[in-house]
Each structure stands twice: as structure tokens, then as C-alpha cells.
Amino acid sequence: MFTLTAFRKYRNCIVQCLQVSLLRSHLSINKKMPFFRYPDVRRDNRVIDVYHGIPVADPYRWLENPDSEETREFIEKQNAMTTPYIDSCEFKQSIIECLTSVWNYPKVSSPQLHGTKYYQLKNSGLQNQSVMYKFEQLNGRGQIFLDPNTFSEDGTVAMVAYMFSLDGKTLAYGVSTSGQLLLKLNAYLDQTGKTDGSETETSTNQKLYCHKLGTPQSEDVVIVEFDDPEIRCQTTISDCREYLVLTPVKGCKNNLLSFCHLKDVTTITGKLPVTPIVTEFKSDFEFVANNGSKFIFLTNHNAPNYQLIEIDFNNYAEENWKVVIPEHSRDVLDWAKPINGYFIVTCYIRDVKDTLSLYSMDNYQKVLEFPLPHGSVSGFSGKRDDSRMFFGFTSFLIPYDIYTVDFTEEPLNLVKWHQTVLPNFNPDNYICKQVFYSAIDGTQIPMSIVHKKNLVMEGENPCLLYGYGGFNVTIGPSFSVSRLVFMDKFNGIFAVANIRGGGEYGEKWHNAGRFKNKQLVFDDFQRAAWYLIDKDYTCSEKLTIQGASNGGLLVAACINQQPYLYGCALCLVGVLDMLRYHKFTIGYAWKSDYGCSDDAGQFDYLFKYSPLHNIKRPTEKGIVEYPATLLLTGDHDDRVVPLHSYKFIAELQYKVGQSYDQTKPLLIRIDTNSGHGAGKPTSKLIEEQAEMLCFMQKSLNLQYFD
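Throughout, residues of each chain are indexed from 1 in the direction in which the sequence is written. In keeping with the model being predicted, local features are shown solely for residues with a pLDDT of at least 70 and side-chain atom pairs are shown and tallied solely at 80 or more, while totals for entire chains, interfaces and linings include all residues. The basis for every side-chain value is the complete set of non-hydrogen atoms in the structure, without hydrogens or water.

Colleague: I keep staring at helix 8 (residues 550-561) and nothing clicks. Help me out?
Modeller: Residues spaced three or four apart along an α-helix point in a common direction, a consequence of the helix completing one turn every 3.6 residues. Secondary structure is summarised from DSSP: a helix means a run of H or I of at least four residues, a strand means a run of E of at least two, and numbering begins at the N terminus for each. The span you would expect from a helix comes to 1.5 Å times its residue count less one. For helix 8, with 12 residues, the first-to-last C-alpha span of 17 Å sits near the 16 Å given by 1.5 Å per residue. Relative accessibility decides the category of a residue: with a 1.4 Å probe and only protein chains considered, values under 20% of the type maximum give buried, values over 50% give exposed, and everything between is partly exposed. A large share of helix 8 lies buried, amounting to 11 of its 12 residues. Those residues of helix 8 that fall on the buried side of the exposure criterion are Asn550, Gly551, Gly552, Leu553, Leu554, Val555, Ala556, Ala557, Cys558, Ile559 and Asn560.

See the structure below:
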């Protein structure tokens, strides 16, 4: 029997079907005019590629040129439509003020010891970039050592990577201008054309250089290069400083392993003599520590949940490798770090929460497990010779706490060294729980759900569902000011679905969402949406989905496949053209997760879900209209180049936006002088979050509780 409860839950799906004939009838009287008047975007129907005998049109190929006048005009027209829509949110100023107020709290990083001094990043609250301070004593009064806020007036120039010399007397750091990293030692110095972050040319043929301080970069010497142009170099120096360890990677997983014994190198005038150990891309190898010639690596070689092995560089044949900390049957070994001479700190992922343990390198037995609440460990600080370690800890309701262990004390104790406090924020006023829901094949998928403690569940609450699902990345618990504002000001519910393709349960979980299995990622996410509706957390018309980068692909694919399931979609810097993504900047590296259209078999499944190529007109397959959709990208994003978003929104507005069935907005916000996200200044972060909240409020007509 059809009940009122069922109607409420699936109102968005049902009402669309019931109203479509009335809407068509009404609008037909008005010459079937579309609800929104989108910018006219030229379609070049002559551009057709043939993939394995199948012709595929690409009418917006011209938008791949970021420097053309026509592309710049496209950006201006799109922003000219999006900005007034967002500005018309009657609560915009209140949202900005609330975000700014909550964001304005002191933030610090874990202290790091370099030489005899401690260093720490601090942000007073609203500074665009965090400032590096130097401390003579750990608990002393620090002084400013490096302030990236002086790099530019608008805060768009950031310090995004840095490393101290062993004695702590020299600092090397990378500078990001509008999202583009400028200083590198692993470099593409043969790259031609512009390198300001708005380029689209493929970045290949990476080389490793030796740079002598005080000399010009033109005198740098190539010490390692590869025959394969898609190989990227990863290197580290051993604890004893006698070995250069190389772990070159191709794609985003699996690497080779080789080394150079630096005692054999008297002067560096050219390529180093390198001894190969692993010569095929079949597993991951990450250097952890070494004791003389015996090296410890974190690896998934014969261990999908990862383990620690020992390789003797004097006897490195695989049959001589030794497992020192075996993989766990369920927990995933995320990382391992040496500390205090002969200890190793390990971080395991257990049902999407981090656990931290200490092992002895003498016998590789566990010494103790540190007690931690449900959350994520981040910002570990401590080197092999340090007698003290620090690490940060965060969760959905813990902004950032810093813990320390002093190895000079007995017994060893975990001490909370710093607690971040937000004014007027009490975590006891919220509920955070983890649930498991069934995927279409019966697999149990974990999902975290956070909301105010007194919230009544009647299926009417706004809900924001976030997902990623790719590249072995684990989406652990983390704190977010914008999500807190969403829960407080909209009585919202926030949920994270830990779908397959990520690293939450090791390599098997990752592989379940790679290549031809990618559709399972979308299915898992859609099942999360159905769960939230079925359990009366929300209804389809109040449900917003959000994802960035690979998560942007997730969102776009899902609104193509089940548009009626969502009221709103936020697609950030998404990978949306799955047939050509590998042709731009670093895109070729993603073939290890997606596959490539150059391969006939892989083209078949890519073409079936590629967001750009699967937009459905409202009259197709029972589709009435798409959810309110906002794309966000930066014109200087050199990772996921903005052409993905340009082409997708143009096609979406053409196929869907011109239909008189489409009453919800389909918009894009293109930020100038910003990249993929790293180093983005606080002012831009607040602006971006405010725009998304305003779009959600206006598009879904959400009640705002001031």
C-alpha cells in the first residue's frame, strides 16, 4: 500500500513524475521557454574522434585552450550568471559572517625539531597563510621565522612544501603561486611553454637533479632519469646518510626500488651508479628506516593490507626478504615512522579510524598501543634520532589536538600537549556515529553520520553526503568549519560514505573500485543516499552530494545515473572527460586507477560512465530534471585542468538547461588565480564555502536558523 511516509521519503522522485505533464502543459503555453537563460556557447559539431570504430563528438574542444579570447569570454559569461544567483541568497551576509566568526580560532601544527630549535606553523585565525615560528625552547616564546603572508598581498602565494637540512641550519621550501608549485628538485626542466598553472600540456620526462647551494640552477646536474617518460622519481636518503633510495612510480600506485651507495660517489658530475632491486611495477615500497645495509620497507607485496619487510642491500634477492611485522587480517597499515633510535611508530586503519602503536626494532614486537578516540592521526613529527614525538589528532568533532610522547620518561605515556578550542563550540551537543549499509553485492560499506544531538529525524532534514572512492585514499574523520555551520544554521546532517576505490580496507577495497569496477564506486555512493532516505535522515529533495577531484567525477556520474535521487550537487574540480583526461598535465598518472581510452576494452567502460558523455536529456529514460548543480574550478588548476568543468557545464546547459522540464539551476563558479586547492588562502576558502552554502540554501529553499 502506498503510504504518506513513503511519499515523504521519495517525494522528489514521485513529485517530478506527477508534475511533469502539468509543467509541460503550462510552459507550452509560454512557447516552452527554459526556466533559466544560460549563456550561448558555440558548438563545433565538426570535431569528432573515432575510438576503436566508434565516433564520439567533442563540440567544445575549443574550451581546452585556456588562453583563447573565446575561453576567457566563456568564463566571464558563466561567472556573470552564477554570481548574481548566489548573491541573491537572502542569508549570504549572515552565512559569511558566521563562517568567518567560527573560522577565527588559533590553529597550530605539531612542533618539529630541526637541529637544536623547534619550529611550528601557526595561524592566528584568519591569516591567509600559516606562519612558521622558531622556538629556542619547546614551551618558550617563539619568533617569526618565515611568513608566507608577505609573499603576496592577496595571500594566493603559499609555502606548500619545505625541508630542513640535517643540522637544521638550512631550509628549502616550495612556493605555490595560484596553485602552481614553482620550486622543485624532481623537475620537468625540459618542459616547453608556460608554467603558470594554467597550462594543459602533458608533464613528462621527469628527472632528478643535484643542486649545490649558492650556484645557479643552470648548473644543476642530472643524476637520475628514466627511459619511460611517464615515470616520476621518488627519493630519500637513508638514516645513516650513506644510501640514496629510489622508489620511482608510474601512475598513482606501485613503484620500482633501487639504491645508490653514496660511498661509491666521490664527486657528482653526472648520472649516479644505481643498483636495481625491484624492476616491475607490481607493488608499493616505501622506505621506513635502515640499520646499516638492512632496510625496512612498508609494502603491499604479498600483503594487500600492507606489512613491514626487511631487505638487506648486500643480499637483496627476493627470496632473502624478511617479513618483520606481518599484515593484519583486517586492519590496514597506513604508515610507519622510526623514532628514538630503535622504535617504530605504526598507524593502522581500523574501520576508518586510526590506531597508533609502538614496536621495537630489536625484535619487532609491539611495545604498546596508544589509547586514542575515534578519529584520524595527522601531522606526525619526529625523526629517527629524536627522543620525543608529536602528532596531531582530529575527528568530526575534534578540531585539532596535539599529543606527545617523551621517550626519556618511564613509563612511556601519551600526553595531550595542546588542545584547540573554538569559542561557543561544545562537541557534546552533537552526535557522531558510524553505520554500515549493504552495497548491491552485499558488501558492508561504512558511513559516518554527524548531526546535532537534539535533531528530530522525520525525513525532512537537509543532508550533505560526501564521497571520494579512488586512488587508495582513505577519507577519515576530519573537522570542518563549513560543515559545522551547515549543521548549526540549517539543522543539517553531514555524512561521509567510505565507498570502494579508497584505501579504507586495503588493496582489495581499492581494487574493487578500479578500472572496469569503477561503476561499483558510483553504486556504493547511490546506496548511501538511499540508506539516508530510508532511515529518515533526509529526503531526496533535501539531499546534497559533494565531491572534489576524483570525488567530482563521482558526483557528476551519479547525477547522470540517478538525478532524481538528489536535490543538489556540488562538483568540485572534477575529472569529467574520461576519454581525454590523460592528455593534460599529470593526467596520464591516473591511468593506474581509471584505465585509458586508447585501450579498446578500457574505452568501453570509460565511455559508459564518463560524465561528459553520459548527460541525459530530461526526456530520456524517464528523466525529468537534474538536481541543482554547481561546479567549482580554478583557472590555474594544473592537476585537474579546468577544461573538464568547462566542457561538462557547457554540455549540461545545452542538453538539460534548454529543456522546459529543468527548473533547477545548472551553474559553474570559476575562480581566477587559484588551483586545485593546496595553499588556497583563508579568504578564498571562506568565500568558496559561503558560495556553496548559499547555493544549497537558495536552490533547496532551506530554512536558516540565525
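Still more ground to cover, so stick around.
Colleague: Even after reading the chapter, I still don't get the packing of helix 7 (residues 518-534) against helix 8, so can you show me in this structure?
Modeller: In a pair of packed helices, the angle between the axes and the distance between the axes together describe the arrangement. Interaxial distance between helix 7 and helix 8 falls to 10 Å at its minimum, and their mutual angle equals 75°. Classed by the angle they form, the pair helix 7 and helix 8 counts as roughly perpendicular. From helix 7, Lys518, Gln519, Val521, Phe522, Phe525 and Gln526 reach across to helix 8, where they touch Asn550, Leu553, Leu554, Ala557, Cys558 and Gln561. Residue composition of the contact of helix 7 with helix 8, by class: 7 nonpolar, 4 polar and 1 charged. With axes taken as lines fitted to C-alpha atoms, and helix axes fitted only over the stretch in contact, angles between N-to-C directions fall between 0 and 180 degrees. Any angle that is under 35 degrees is reported as roughly parallel, and any over 145 degrees as roughly antiparallel; angles of 65 to 115 degrees are reported as roughly perpendicular and all others as oblique. We call two residues in contact when some of their heavy atoms are within 4.5 Å. Any residue outside Ala, Val, Leu, Ile, Met, Phe, Trp, Tyr, Cys, Pro, Asp, Glu, Lys and Arg is labelled polar, Gly included; the first ten of those are nonpolar and the last four are charged.

Colleague: For this particular structure, what's the right way to read the sheet that holds strand 36 (residues 543-548)?
Modeller: By way of backbone hydrogen bonds, the strands of a sheet pair with one another, either parallel or antiparallel. Pairs of strands are assigned from DSSP output, requiring at least two bridges between the strands. If you walk across this open sheet you meet the 8 strands as 32-33-35-34-36-37-38-39, and the pairing is mixed. In this open sheet, the two edge strands, each paired with only one partner strand, are strand 32 (430-438) and strand 39 (666-671). Here the average twist between neighbouring strands, direction ignored, is 20°. Relative to strand 36, strand 34 (residues 463-466) runs parallel, the two sharing 4 bridges. By the bridge assignment, Leu465 is partnered in strand 36 with Ile545. Those strands touched by helix 3 (residues 69-87) are strand 38 (628-634) and strand 39, and its axis lies near 115° from that of strand 39. Lying on the sheet, helix 12 (residues 682-700) is in contact with strand 34, strand 36, strand 37 (568-572), strand 38 and strand 39; it crosses strand 38 at an angle near 165°.

Colleague: Even after reading the chapter, I still don't get the packing of aromatic side chains, so can you show me in this structure?
Modeller: When we look at a pair of aromatic rings, we describe it by the centre distance and by the angle of the planes. Put simply, two rings from Phe, Tyr or Trp (the six-membered ring, in Trp's case) pair if the centres are within 6.5 Å, and we call them stacked under 30 degrees between planes, edge-to-face over 60, tilted for the rest. Per the counting criterion, the structure on display carries 41 aromatic pairs. Between the NZ or CZ atom of Arg384 and the centre of the ring of Tyr342, over which it lies, the distance is 5.1 Å. The ring of Tyr466 is capped by Arg483, whose NZ or CZ atom sits 5.4 Å from the centre of that ring. Note on geometry: a ring has a charge over it if NZ (lysine) or CZ (arginine) is within 6 Å of the ring centre and within 35 degrees of the ring normal.

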